[in-house]
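# A closer look at the structure
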Amino acid sequence: MHSSKPLRRKIVPANGDDSADKLDQLLLSSAICNNEDLGPFIRKAFASGKPETLHHHLRHFARSKESEIEEVCKAHYQDFILAVDDLRSLLSDVDSLKSSLSDSNSKLQSVARPLLSSLDAFVETRNVSKNINLAIESVRTCVQLMEVCSRANRHLSGDNFYMALKCVDAIEREYLDKTPSSTLKTMLEKKIPDIRSHIERKVNKEFGDWLVEIRVVSRNLGQLAIGQASSARQREEDLRIKQRQAEEQSRLSVRDCIYALEEEDDDEDGISGGGGIGEDGYGNGGFDLTPLYKAYHIHQTLGLEDRFKKYYFENRKLQLTSDFQVSSMTPFLESHQTFFAQIAGFFVVEDRVLRTGGGLISKMEVENLWEIAVSKMCSVLEDQFSRMQTANHLLLIKDYVSLLGVTLRRYGYHIDALLDVLSKHRDKYHELLLSDCRKQIAEALAADKFEQMLMKKEYEYSMNVLSFQIQTSDITPAFPYVAPFSSTVPDCCRIVRSFIEDSVSFMSYGGHLEFYEVVKKYLDRLLNEVLDEALLKLINASVNGVSQAMQVAANMAVFERACDFFFRHAAQLSGVPLRMVERSRRQFPLRKARDAAEEMLSGLLKAKIDGFMTLIENVNWMTDEPPQSGNEYVNEVIIYLEILVSTAQQILPPHVLKRVLQEVLSHISEKIVGTLVSDFVKRFNVNAVTGIDVDIRLLESFAENQGGLFADGDVDQLKTALSESRQLINLLLSNHPENFLNPVIRERSYNTLDHKKVAIVSEKLRDPSDRLFGTFGSRGARQNPKKKSLDVLIKRLKDVS
């Protein structure tokens, strides 16, 4: 059989197809030839809306293959005929097989039909079961979601915002994506942000209410904290008073007593170990930080922590700034406690927030707020102190500021700047205090009636005598008791003691550990510049009689003891040991007033004495016989002096009375000598000199009779006051008056005499006639050597003059 392979006919593409159609046709042909899936081509055709193009390509491919088949068949038709014969031979076999398969199929159909029905029922039932299980699971998820939503609602209703947010977070994290209901999911997606916004608004409102409330609470809290500091200070003062009493009794050698000072427990006033307000949620101050911490925690949960920190700091800073406003309608003296208490309470709260707030505010931020507050308080104090003209007002404000400093120092705040402001106004305060005391002392002295003070009760004695330690004996007197001083003494002592206490109070708790020297400096000024000058003015302007002058002199003696008490009291209040004060004793600060009082008393007594001394004019200077009992003037003088001593010893201390008597006796001596020297006495004889000698002896006897009042040395000093007249009379009665010219003898026996006075008196004693030394010739002869010595003395004294 001859066969030839026909050539494949080329398929010429139709004119008008663009390159895209050609590409699609080629790709489709390649896919069919390679037995690939035609699904993408079909989807693309329907997606592009051109199924006809695909159908056209498929028909074109089919026509191209038909021609190829036709050519192949033509080329192999012999083989094909053989194959058809083979197929026909197999047809009978296939028919038999078909019959067999048909029988088998019939049998299989009859057997499988019940099973297939059961399988269909099973499949249907299983699908129903799956749907039911899915529905149950969905319902269970919805039930759980509803339970969480219900809890969230309950927490929202109970303002338990943190738990509500936890429920919302759980819904969002665990249920939102699993929710089978799109409606429910959409509702949750919308409500969850609303819930968070609602919680944020509610928390911010509660926080805003807390900000308003905490201002009132801060004021009460500051007052409580400062009150606790004041109570602690008072306990310290009481302890120091007990300690001073123990030291004083120990100093007085009360060896049989043992003194134990017990400290009170600070916790009784609610002060914790750290010195602050209690550490519980509300604290002893009654302030609650729960709304603050709740808001902070909620904002942390919402992821808004930093924003809330900034919001909190800015609001608190604004509150602090508003606390600095000082009302011009209310005097600062009335509003200063509220002003400082508000600031103190503010920083007590901030200290608690710093320690327990979990980083809500930083230490640096609190310190910045404190620096702002200190700067403002210093500015306010400077301004208010510059306007004040009353010492007590400065002291009240200073005391409260020092308590504020003590309070806030216990919380770790630095208060040096405040203390510097207080120290800066120390001088002004004391100047005002001195001015107040000057007025009070002037009023007290103006009210003095120069009468001894009568005390009817023991408490009066304790209040006016023992409290200033001006008693002269440790034995309590019988009542009623007449004091040797007038009412001006305790009145002035109270003023000075109040000055000391006010000065110490201003200096205390101001950062100065040793301030006794400062207090002593101002105490010296009070005594020297105020009290001494006021007493001096009183003495010069108001003292008119001996009794008044004696009373003032007695007062000055009591003031001398009181001044010792003043310095001891200042030292005790300043915490200085008494031995240091006693070791450095100072001069009596009221020297001018004391000397003026004694000078005034002496001057008035001298004036009284001068009245009696006028009787010396009645002395017979040329008497024939010397008087045996003294001249009239000296008897009057001694009677007055004895009355004076009996009266003065009731109020004047012995040393003052001694000085006054010494002045008076010295004046009497000067008057006697002056009378002999004066022109009133032209001449006198020895008998008159002998009479003056008797007068001086009577005065000396009076001085000796005061031995019961004074020591022996004081009696000798009283007699020494008469030394000028005594030495002159001794010289005139001496047998060798020329010994006055001997320096050794003159220094020993005549050291108070003046040359001129001796010359004048000697000239008056010398008589040109022999009768100068006696009327009898024999006696005159015996005394001629004395006359000669007297002439020598007179001549030499004239030469010296």
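Residues numbered from 1 in each chain as written. Predicted model: local features only at pLDDT ≥ 70, side-chain atom pairs only at ≥ 80, totals over all residues. Heavy atoms only, no water.

### Structural notes on the overall build of the protein
Of regular secondary structure, the protein possesses 27 helices and two strands. Looking at the 801 residues of the protein, the share that counts as buried comes to 40%. By sequence separation, contacts in the protein at least 24 residues apart represent 78% of the contacts at least 6 residues apart. As displayed, the protein offers around 44,800 Å² of accessible surface, 52% of which is attributable to carbon and sulfur atoms. (Helix = DSSP H or I, 4+ residues; strand = E, 2+ residues; numbered from the N terminus. Buried < 20%, exposed > 50% of the residue type's maximum accessible area, 1.4 Å probe, protein only. Contact = heavy atoms within 4.5 Å. Areas by Shrake-Rupley, 256 points an atom, 1.4 Å probe, with all protein chains shown as cover.)

### Brief notes about the confidence of the model for the protein
When pLDDT drops low, the exact placement of atoms in the prediction is not to be read closely. Here the protein averages 78 in pLDDT, and 83% of its residues register 70 or above. Confidence over residues 278-285 falls short of pLDDT 50; this stretch has 18 contacts with residues more than four positions distant or in other chains. (pLDDT = per-residue confidence, 0-100.)

### Overview of helix H16 (residues 516-542)
Its 27 residues give H16 an end-to-end C-alpha distance of 36 Å, which sits within 8% of 39 Å, the value for a rise of 1.5 Å per residue. Of all the bends in H16, the greatest, near 30 degrees, is centred on Asp532. (Expected span 1.5 Å × (residues − 1). Bend = angle between axes of the 7 residues up to and from the residue.)

### Regarding unusual backbone geometry
For the peptide bond that leads from Phe479 to Pro480, omega is 5 degrees, which places it in the cis range. The residue Pro480 is located in the loop between helix H14 (458-464) and strand S2 (481-482) in this model. The backbone phi angle of Phe450 is positive, close to 55 degrees, even though this residue is not glycine. The residue Phe450 is located in the loop between helix H13 (426-446) and strand S1 (454-455) in this model. A positive phi is found at Gln469, a non-glycine position, where the angle reads about 55 degrees. Among the structural elements, Gln469 can be located in the loop between H14 and S2.

### With respect to the packing of aromatic side chains
Applying the stated criterion across every chain yields a total of 13 aromatic pairs. For the pair Phe347 and Trp370, a centre-to-centre distance of 5.0 Å together with 85 degrees between the ring planes defines the contact as edge-to-face. With a gap of 23 residues between them, Phe347 in helix H9 (residues 332-356) and Trp370 in helix H10 (residues 363-387) connect regions that are remote in the sequence. The class of Phe347 is buried, set by a relative accessible area of 0%. A ring pair is formed by Tyr461 and Tyr481, whose centres lie 5.5 Å apart and whose planes are at 85 degrees; its orientation type is edge-to-face. Here the residue Tyr461 occupies a position in helix H14, and Tyr481 occupies one in strand S2, the gap between them amounting to 20 residues. Just as Tyr461 is buried, Tyr481 falls in that class too. Following the ring pairs from residue to residue traces out a cluster consisting of Phe346, Phe347, Trp370 and Tyr413. (Phe/Tyr/Trp six-rings, centres within 6.5 Å; stacked < 30°, edge-to-face > 60°.)

### Focus on a nonpolar patch on the surface
A contiguous nonpolar patch, built from Leu87, Leu90, Leu91 and Val94 and spanning about 370 Å² of accessible area, is present on the exposed surface. Position of Leu91 among the secondary structure elements: in helix H4 (residues 77-157). Overall, the relative accessible area of 47% leaves Leu91 in the partly exposed class. (Patch = residues over 30% accessible without salt bridge, like charges linked within 9 Å, V, L, I, M, F, W, Y side chains within 5 Å. Salt bridge = Lys/Arg side-chain N within 4 Å of Asp/Glu carboxyl O.)

### Overview of the pattern of salt bridges
Inspection of every chain in the model, using the stated rule, returns 22 salt bridges. Measuring nitrogen to oxygen at the nearest pair gives 3.6 Å for the salt bridge that ties Glu68 to Lys65. Pair noted here: Glu68 and Lys65 are both in helix H3 (residues 51-75), with a separation of three residues, about one helical turn. Here Arg355 and Asp351 are joined by a salt bridge, their closest N and O atoms 2.8 Å apart. Taken as a pair, Arg355 and Asp351 lie in helix H9 at a separation of four residues, close to a single helical turn.

### Structural notes on helix H19 (residues 591-613)
Every α-helical turn comprises 3.6 residues, leaving residues that sit three or four positions apart pointing alike. Between its first and last C-alpha, H19 extends 31 Å over 23 residues, near the 33 Å set by a 1.5 Å rise per residue. Where the residues of H19 are buried, they touch H16, helix H17 (546-574), helix H20 (632-648) and helix H21 (654-677).

### Comments concerning the side chain of Asn631
Mapped onto the elements of the fold, Asn631 is located in the loop between H19 and H20. We classify Asn631 as buried; its relative accessible area is 11%. At 2.5 Å, the side chain of Asn631 and the side chain of Asp695 are in polar contact. (Polar contact = N/O pair within 3.5 Å; in protein donor to acceptor, adjacent residues only side chain to side chain.)

### Remarks on the packing of H16 against H17
Where H16 meets H17, the closest approach of the two axes is 11 Å, and the angle between their N-to-C directions is 170 degrees. The angle between H16 and H17 places the two elements in the roughly antiparallel class. For the pair H16 and H17, contact is made by Tyr516, Val519, Lys520, Leu523, Asp524, Leu527, Leu531, Leu535, Ile539 and Ser542 and by Gln548, Val552, Met556, Phe559, Cys563, Phe566, Phe567, Ala570, Ala571 and Ser574, respectively. (Axes fitted to C-alpha atoms, helices over the stretch in contact; angles between N-to-C directions. Parallel < 35°, antiparallel > 145°, perpendicular 65-115°, else oblique.)

### With respect to the packing of H21 against helix H26 (residues 755-765)
Helix packing for two helices is described by the angle between their axes and how far apart those axes are. Running from amino to carboxyl end, H21 crosses H26 at an angle of 55 degrees, the nearest separation of the two axes being 9 Å. When the interaxial angle is binned, H21 and H26 end up oblique. In contact with Val673, Leu676 and Val677 of H21, H26 contributes Lys757, Ile760, Val761 and Lys764. Its residues placed into classes, the contact of H21 with H26 shows five nonpolar, no polar and two charged. (Nonpolar A, V, L, I, M, F, W, Y, C, P; charged D, E, K, R; others polar.)

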